[in-house]
Every structure is written in C-alpha cells, then in structure tokens.
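# Observations on the model geometry
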Amino acid sequence: MLAAGLWRKGCPDVWDQLRRVEMNFVGFDGEVHRGVLVVNADVTASVVPIFTKLFEERFPIRRMEPMEVYDGHLNASLRADNTSAFNCRRPDQINAPFRESPHANGRAIDINPLENPWKDLRTKRWSPSGEYAPRTEREGKILKGGLVWRAFIEEGWVWQDIKVPDYMHFDTGYPSKPFKGPIASPSTASPPTSAQSTPAG
C-alpha cells in the first residue's frame, strides 16, 4: 500500500486500524473466487455478514481487489469493474476532504462499478460508463429494496451518501467516524464464507 502511494501525508490517521478481509465471492462466471477488501477494523464485523449473505444468494461480483493493484487510481479500478473499499485518493481524483472521506477511513465500499455507475460531479457524465445507469433488473446491479441494499441497510450502512447518483457506493456516514452499527465490534465476526481479517500493513 505504501509503495502504491495509498498512504501519504494528509491521509486520516487510521493506518493501524486497516484490515485486509479475505473472503469468497461468486463471480459472473458462476464460480467461487477469493477476494480482498481493505476496511477499517470497526466495520469488519459488519462486512463479513453482508458479503456472506451475498455469497449465499450467489450475487455476482466481477472482481474484489485492493486498490494497490491499481496503484490507487480510482478510474482504473472503476473501469475494471472492481469492488473495493479503502482508498485515500489523490488530489486530482474526486473525493471528500481526506480526513472526512469514508473511503479514506476504510468505511466505504463500491460494488460492481460498471453495473452500478456514479455521475461525476466534474463532467456530469456517468463513470465508468452509462451503459447500465438505468435502475432496471440486471445481473450484478444494486436496486433499492433489493438483496444488496437490504444486506447493507440492515447492518447500518447508507446507500448513495452523496447528492448525485452513486449506485455502487455504500458507507457508514459522512463525515466518517468510528462505526457504531448493529454489530460494530470486530470480535463478534463470524466467517461462514471462509473470511479472514488481517492487518493491512
């Protein structure tokens, strides 16, 4: 993460709180794959049951790779349809102030960006593509009241916590602060999808 520039001056002081959560997910090919999300320790006990539910219901995820795979470049991750969490974004990338940003604090997750795009405030265009912007039924999409929406909302997360459409995005509140959701303590996590949590550093 350090080599990829994901941690630098100005980022929130949460380095020792970040955890790599490894877990299984079902791909668009119908096969089981192993993925990684880097999140804050205080949301791990919430993340595990959410993705366990998605796994059990066979909700497809394209890929789940930490942002260092993309050298921290948001657009590269979005174009790859990558599900990701922690990212202390560079100043040239759209972002809330570092210290308040849910992504920079490890308390936000973007799921299947291609199927669930957001509208870029700077260009007024869909990113990474507007192909699947209409909220109609389709494999891998997030719809209000649907499986993914319910899984996150029941754990105390917020969908589209921004003034423009951002269908891929869930977070635990803005400005980001220690999560006090229904099961916020990492010690209560149960990993039925073979999930593992380890320090991110």
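Residues numbered from 1 in each chain as written. Predicted model: local features only at pLDDT ≥ 70, side-chain atom pairs only at ≥ 80, totals over all residues. Heavy atoms only, no water.

Before going further, it helps to spend a moment on the confidence of the model for the protein chain. Looking at the protein chain, pLDDT values average 88 and 85% of them are 70 or higher. No element of the protein chain has a lower mean pLDDT than strand β8 (residues 196-199), which averages 72, and none a higher one than helix α3 (residues 147-153), which averages 98. Contacts of residues 184-192 to residues separated by more than four positions or lying in other chains number 15 contacts, the stretch itself having pLDDT below 50. (pLDDT = per-residue confidence, 0-100. Helix = DSSP H or I, 4+ residues; strand = E, 2+ residues; numbered from the N terminus. Contact = heavy atoms within 4.5 Å.)

Another point: the environment of L121. Secondary-structure assignment places L121 in the loop between β4 (118-119) and β5 (126-127). On the accessibility criterion, L121 (38% relative accessible area) is partly exposed. Along the chain, L121 and V164 lie 43 residues apart, while their C-alpha atoms are 7.5 Å from each other. (Buried < 20%, exposed > 50% of the residue type's maximum accessible area, 1.4 Å probe, protein only.)

Before going further, it helps to examine the environment of W157. For W157, the position within the fold is in the loop between α3 and β6 (158-159). We classify W157 as buried; its relative accessible area is 3%. Placed 25 residues apart in sequence, W157 and P182 show a C-alpha to C-alpha distance of 9.8 Å. In this view, W157 contacts V43, S46, V47, I50, R107, A108, I109, F152, F170, D171, T172 and F179; residues no more than four positions away in its chain are not counted. Only 2.8 Å separates the side chain of W157 from the side chain of S46, close enough to count as a polar contact. (Polar contact = N/O pair within 3.5 Å; in protein donor to acceptor, adjacent residues only side chain to side chain.)

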